[in-house]
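Next come the chains, spelled out residue by residue.
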Amino acid sequence: MATNVVVTANNKLTMMAGVVDAENPRPCIVDEEEDEEDLSQRANWLRAAVLGANDGLVSTASLMLGVGAVKGDARAMVISGFAGLLAGACSMAIGEFVSVCTQRDVELHRDAGKEESSKLPSPVQAAAASALAFSVGALVPLLAAGFIRDYRLRVAVVIALATATLAAFGCAGAVLGRAPVARSCARVVLGGWAAMGVTFGLMRLFKATGI
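Here is a short report on the structure shown in this document. Bear in mind that the values here come from a model prediction, so they are computed numbers and not experimental data. Residue positions are given per chain, counting from 1 as you read along its sequence in written order. Restriction of local features to residues with pLDDT of at least 70 applies here, the model being predicted, together with a cutoff of 80 or more for giving and counting side-chain atom pairs; totals for whole chains, interfaces and linings are based on all residues. Only heavy atoms go into the side-chain values, all of them from the structure, while hydrogens and water stay out.

This part is about the state of the cysteines. We call a pair of cysteine sulfur atoms a disulfide when they lie within 2.5 Å. Scanning the model with the defined rule gives zero disulfides in all. No disulfide involves Cys-185; its sulfur sits 4.9 Å from that of Cys-171, the nearest cysteine.

What follows is the structure, given as structure tokens:
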């Protein structure tokens with residue numbers, strides 16, 4: 001195994017690992033910079049998945065609590081949450097598809113077609129991943145409320161499970177983004193509480209005023 005240091009056109013030092021064949025003295029070069037680039041892209045995908053699941057959890061839980069503030073029927077909460085899951089997943093998928101298509105068009109026009117299309121992000125893949133991540137997050141409050149008949153217990157369980165899951169999402173996002181874990185978890189949890197609290201409070205106010 002031989003390791004070479006190569007200066008690229010950008011005057012960057014790149015470590016190159018080569019395996020020398022006895023019959024072929026030329027080493028098989030492996031660019032460590034490309035490996036770091038692949039890892040960075042995977043981290044971005046994982047981070048986007050965590051954020052999508054976080055959006056699904058917060059929006060669906062807030063919607064269900066808002067409906068629960070007006071009507072204590074478990075069926076109404078579950079139906080509203082399921083409708084929120086479908087609407088949110090479709091919205092995320094369409095938005096991601098349009099965004100990535102625009103990005104591909106810009107990159108292809110900028111590079112004048114020199115870049116291979118396989119190296120560019122896939123709009124279909126991005127849309128599917130975004131919809132799946134949102135759906136996974138939205139399933140948490142749905143499963144929590146679907147089997148509890150008592151109104152107060154149902155609301156408490158939804159909030160408690162949403163809080164625990166938000167903390168997990170915040171921890172995962174901090175690890176992927178190399179940010180402080182405690183601060184990231186607190187930010188995500190407090191943001192989720194604010195969304196759920198505002199939605200529940202305003203809908204409760206509407207019920208009290210008879211609007």
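Here the focus is the nonpolar core. One finds Leu-57, Met-64, Leu-65, Val-158, Leu-166, Phe-169 and Met-196 to be the most contacted residues of the largest nonpolar core, which totals 26 residues. Going along the chain from the N terminus, every DSSP run of H or I of four or more residues is numbered as a helix, and every run of E of two or more is numbered as a strand. Listing elements by their share of this core, those giving two or more residues are helix 1 (32-70), helix 2 (74-110), helix 3 (123-145), helix 4 (151-177) and helix 5 (181-209). Beyond its immediate stretch of four places on either side in the chain, Val-158 contacts Ala-61, Leu-65, Pro-141, Ala-144 and Ala-145. We call a set of buried residues a nonpolar core when its members are Ala, Val, Leu, Ile, Met, Phe, Trp, Tyr or Cys and they connect through side-chain atoms within 4.5 Å of each other. Per-residue accessibility, obtained with a 1.4 Å probe over protein chains only, is compared with the maximum for each type, and a residue is labelled buried under 20%, exposed over 50%, and partly exposed between these values. Throughout, a residue-residue contact means that at least one pair of heavy atoms, one from each residue, lies within 4.5 Å.

So, about helix 2. Given a rise of 1.5 Å per residue, 37 residues ought to cover 54 Å, and the 53 Å separating the end C-alpha atoms of helix 2 matches this to within 8%. Polar contacts here mean pairs of N or O atoms no more than 3.5 Å apart (in protein, one a potential hydrogen donor and the other a potential acceptor; neighbouring residues in sequence count only if both atoms are side-chain atoms). Between a side-chain oxygen at the N-terminus of helix 2 and the backbone nitrogen of Arg-75 the separation is 3.2 Å; the capping residue is Asp-73. A helix's residues, less one, multiplied by 1.5 Å, set its expected span.

Time to look at a nonpolar patch on the surface. Residues qualify for a patch when their relative accessible area is over 30% and they have no salt bridge, like charges being joined within 9 Å and the nonpolar side chains of Val, Leu, Ile, Met, Phe, Trp and Tyr within 5 Å. To be clear on the numbers: accessible area is Shrake-Rupley with a 1.4 Å probe, and residue cover counts the displayed protein chains and nothing else. Any Lys or Arg side-chain nitrogen found within 4 Å of a carboxyl oxygen on Asp or Glu counts as a salt bridge. Together, Ile-94, Phe-97, Val-98 and Val-124 line one region of the surface with nonpolar side chains, adding up to about 380 Å² of accessible area. No other element matches helix 2, which puts three residues into the nonpolar patch. Taking relative accessible area as the criterion, Val-98 reaches 48% and is therefore assigned partly exposed.

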